[in-house]
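A look at the structure
Now for the letters of each chain:
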Amino acid sequence: MKGFVYNAAGLSVPVEFTPGVPFRFECSEEDCGKIVVIEGVIEEVDEVEFTKVLEETIKENPSFSKLREITSRRFVFRGKVNEREVTLPPVESFQDFTERFLREVLILKG
């Protein structure tokens with residue numbers, strides 16, 4: 001599965017993952033503007049846990065408040081970003097992102 005990990009060192013980082021399976025991803029300074037190393041697991045959670053983690057993230061970084069619009073509320077990342085322990089929501093699959101993006105574009109144009 002491909003998706004985005006949001007607020008990884010302040011960035012939205014595209015990764016390939018299998019839910020529940022640990023992974024490691026490195027984004028170079030050239031690709032991300034800074035070195036970002038993500039190590040951990042993307043877990044499926046209930047909507048209550050998802051919302052809790054989402055709100056904590058927005059409190060820390062208000063620029064991610066747009067993520068409240070995500071409708072597929074099932075994945076969070078638990079692990080390390082650049083050696084710092086984190087729990088990050090949401091993880092959004094490319095398909096869910098595309099559907100959300102298209103809905104927004106169609107609403108704006110329609």
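See above for the structure.
Residues numbered from 1 in each chain as written. Predicted model: local features only at pLDDT ≥ 70, side-chain atom pairs only at ≥ 80, totals over all residues. Heavy atoms only, no water.

**Let's talk about the overall build of the chain**
What counts, and what does not: Think of it this way: any DSSP run of H or I at least four residues long counts as a helix, any run of E at least two long counts as a strand, and we number them from the N terminus. A simple rule labels every residue: compare its accessible area, found with a 1.4 Å probe on the protein chains alone, to the largest value its type can have, and call it buried under 20%, exposed over 50%, or partly exposed in between. In what follows, a contact means two residues having at least one pair of non-hydrogen atoms within 4.5 Å. Per-residue accessibility takes into account occlusion by the displayed protein chains alone, with areas from the Shrake-Rupley method and a 1.4 Å probe.
Helix and strand counts for the chain stand at three helices and seven strands. Taken from the N to the C terminus, the helices and strands of the chain come in the order β-β-β-α-β-α-β-β-β-α. For the chain, the residues scored as buried account for 39% of the 110 residues in total. At a minimum sequence separation of 6, the contacts of the chain that also span at least 24 residues come to 55%. Put simply, the chain shows about 6,600 Å² of open surface, and 54% of that area lies on carbon and sulfur atoms.

**Observations regarding the nonpolar core**
One recurring pattern in soluble globular proteins: nonpolar side chains tend to sit buried together. Cut-off, in case you're wondering: Put simply, a nonpolar core is a bunch of buried Ala, Val, Leu, Ile, Met, Phe, Trp, Tyr and Cys residues held in one set by side-chain atoms that sit within 4.5 Å of each other.
Grouped together as the largest cluster of nonpolar side chains are 17 residues, with contacts concentrated most on Val5, Val15, Ile38, Ile42, Phe77 and Val81. If you list the elements that add at least two residues to this core, you get β1 (2-8), β2 (11-16), β3 (23-27), β4 (36-44), β5 (75-81) and β6 (84-88). What Phe77 contacts, discounting residues up to four positions off in sequence, is Val5, Phe23, Ile38, Glu39, Gly40, Val41, Ile42, Val86, Thr87, Leu88 and Val91. Judged by nonpolar contacts, the second largest core, of eleven residues, contains Phe4, Val53, Leu54 and Ile58.

**Some details on the packing of aromatic side chains**
Aromatic ring pairs are defined here through the distance separating the ring centres and the angle between the ring planes. Our working rule: Side-chain rings of Phe, Tyr and Trp (the six-membered ring for Trp) are treated as a pair once their centres are within 6.5 Å; stacked means planes under 30 degrees apart, edge-to-face means over 60, and tilted covers the remaining angles.
Counted by the stated rule, this structure contains three aromatic pairs. Note on Phe17 and Phe75: the rings are 5.8 Å apart at their centroids and 75° apart in plane angle, and the pair reads as edge-to-face. Taken together, the residues span a long stretch of sequence, with Phe17 in the loop between β2 and β3 and Phe75 in strand β5 at a distance of 58 residues. Between the aromatic rings of Phe23 and Phe77, the centroid separation amounts to 6.0 Å while the plane-to-plane angle is 65°, which identifies the pairing as edge-to-face. Placement of Phe23 in strand β3 and of Phe77 in strand β5 is noted, with a sequence separation of 54 residues between them.

**Quick notes on the environment of Ser65**
Here Ser65 shows up in the loop between α2 (47-60) and β5. A sequence separation of ten residues divides Ser65 from Glu55, and the C-alpha atoms of the two residues are 8.4 Å apart.

**Considerations on the state of the cysteines**
As used in these notes, a disulfide is a covalent bond between sulfur atoms, one from each of two cysteines. How we decide: Defined by distance alone, a disulfide is two cysteine sulfur atoms within 2.5 Å.
Enumeration according to the criterion identifies one disulfide in this entry. In this model, Cys27 is linked to Cys32 through a disulfide, with the two sulfur atoms separated by 1.7 Å. One quick way to see it: the torsion about the S-S bond of Cys27 and Cys32 is about 90°, and its sign makes the bridge right-handed. The same class applies to Cys27 and to Cys32, which are both buried.

**Here's the deal with the pattern of salt bridges**
Put simply, the rule reads: The salt bridge definition used is simple: a Lys or Arg side-chain nitrogen within 4 Å of an Asp or Glu carboxyl oxygen.
Evaluated as defined, the whole model comprises six salt bridges. Between Glu49 and Arg78 there is a salt bridge, with its nearest N and O atoms 3.0 Å apart. Placement of Glu49 in helix α2 and of Arg78 in strand β5 is noted, with a sequence separation of 29 residues between them. What makes Arg78 partly exposed here is its relative accessible area of 25%.

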